[in-house]
Amino acid sequence: MSSHPRPALAVIGGSGFYDFFDNDATHVEIDTPYGKPSAPVAIGEVEGRAVAFIPRHGKQHEFAPHTLPYQANMWALRTLGVRRIFAPCAVGSLRADWGPGTVAVPDQLVDRTSGRPQTFFDGGGVHVSFADPYCDELRTAAIKSESPSLAVQPSGTMVVVQGPRFSTRAESRWFAGQGWDLVNMTGHPEAVLARELEMCYAAVALVTDLDAGLEEGDGVHAVDVFAEFKRNLEPFKELIRGAVAGVDGTDTCDRCRVHAGVSLPFELP
Ligand code: ADE
């Protein structure tokens, strides 16, 4: 196996993040009890820190949101030494005042996915606390990291839908009516799997579109979502780099250590 620095921090995001590092990354092939991650894990430096990166949808965008190897991704990161993860993602907005180009750092999540393996503890007896699904220390670092061109909203509720289709207008209006702010397809089970492996995790959401309930035209289209994400990719990457550089500490924070005092059926990797 090639030698590489041991990363305590990770970013899991779009393949556009490959050039996120200050140096040439090392690519580590890794296998897990849950199969291979979306791609070999890239490990490089950001502001003097070793950081791991996984392109969530694979190198060629070969995984749809419902087929992503979420368990393998999280297991691989933990095995490499990662304890804190930033998860940049594209989202639709459920509110007219958060238009494309807004960045939101959600503090709550609603799971509307189905059939995705969402635990490492099938054997029973382990039930993690998930009242606050995101790490506040990482959220604070992301909120403090500024970008001249992107407005940052410091909280919000993100509903995660199964996809790969976008929501109907009625679904979208219903989500907005619940007071939810953002809609996305990959934020779950990523967040809970990180929690189960006691890794701090924060989603950082870039709004690419107004979802169908707000949209006056013919609904949300993937080409527009990709184009809008690309348009803001550089400042978004700068914001994530600032968040990575601004995190204090490289170990799991106390609040994300959810297994303290619990006897686990296996040791965390
Ligand atoms: N990702 C980006 N925009 C989205 C939307 N409108 N719905 C679900 N996921 C999204």
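Residues numbered from 1 in each chain as written. Predicted model: local features only at pLDDT ≥ 70, side-chain atom pairs only at ≥ 80, totals over all residues. Heavy atoms only, no water.

Take the UniProt feature "site: Important for substrate specificity" (unreviewed entry) in the chain next. UniProt records the feature "site: Important for substrate specificity" (unreviewed entry) for Ser167 and Ala222 in the present numbering. A stretch of 56 residues holds the annotated residues, and the largest C-alpha distance among them is 12.2 Å, short enough that they meet in one place. Of the annotated positions mentioned, Ser167 and Ala222 line the largest pocket. Here Ser167 lies in the loop between β9 (157-161) and α3 (169-177). Ser167 gets classed as buried once you look at its relative accessible area, which sits at 11%. (UniProt positions renumbered as here; feature names shortened; annotations may be inferred. 1 Å grid on protein atoms, 1.4 Å probe; cavity = no way out; pocket = protein on both sides within 12 Å on 5 of 7 lines; lining within 4 Å. Helix = DSSP H or I, 4+ residues; strand = E, 2+ residues; numbered from the N terminus. Buried < 20%, exposed > 50% of the residue type's maximum accessible area, 1.4 Å probe, protein only.)

Residues Val41, Met74, Leu77, Ile85 and Tyr201 are the most contacted members of the largest nonpolar core, which totals 42 residues. Every element with two or more residues in this core is listed here: β1 (9-13), β3 (41-46), β4 (49-55), α1 (70-80), β5 (84-93), β9, α4 (187-196) and β11 (200-210). In terms of residue count, the dominant contributor to this core is α1 (six residues). In contact with Ile85, not counting residues within four places along its chain, are Ala10, Ile12, Met74, Leu77, Leu138, Ala194, Met199, Cys200, Tyr201 and Ala202. Within the second largest apolar cluster, 31 residues are counted, among which are Phe21, Phe53, Leu138 and Ala141. (Core = buried A, V, L, I, M, F, W, Y, C linked by side-chain atoms within 4.5 Å. Contact = heavy atoms within 4.5 Å.)

Along α4, 10 of the 10 residues are buried, which leaves the element largely enclosed by surrounding structure. Restricting attention to buried positions, one finds in α4 the residues Gly187, His188, Pro189, Glu190, Ala191, Val192, Leu193, Ala194, Arg195 and Glu196. Note on α4: the residue one or two positions beyond its end, Glu198, has a positive phi of about 55 degrees.

So, on to the UniProt feature "domain: Nucleoside phosphorylase" (unreviewed entry) in the chain. The UniProt feature table records "domain: Nucleoside phosphorylase" (unreviewed entry) at residues 9-228. Spanning residues 9-228, this segment combines 21% helix with 27% strand, and its end C-alpha atoms are found 27 Å apart.

This part is about the site of the ligand. The environment of the ligand is formed by Ala90, Val91, Gly92, Phe166, Val183, Asn184, Met185, Thr208, Asp209, Asp211 and Val225. Between the ligand and Ala90 there is a distance of 3.4 Å, counted from a nitrogen atom to a backbone nitrogen or oxygen. Within the side chain of Asp209, an N or O atom sits 2.7 Å from a nitrogen atom of the ligand. Within the complex, the protein chains bury 95% of what would otherwise be the 260 Å² of accessible surface of the ligand. (Near = heavy atom within 4 Å. Polar contact = N/O pair within 3.5 Å; in protein donor to acceptor, adjacent residues only side chain to side chain. Areas by Shrake-Rupley, 256 points an atom, 1.4 Å probe, with all protein chains shown as cover.)

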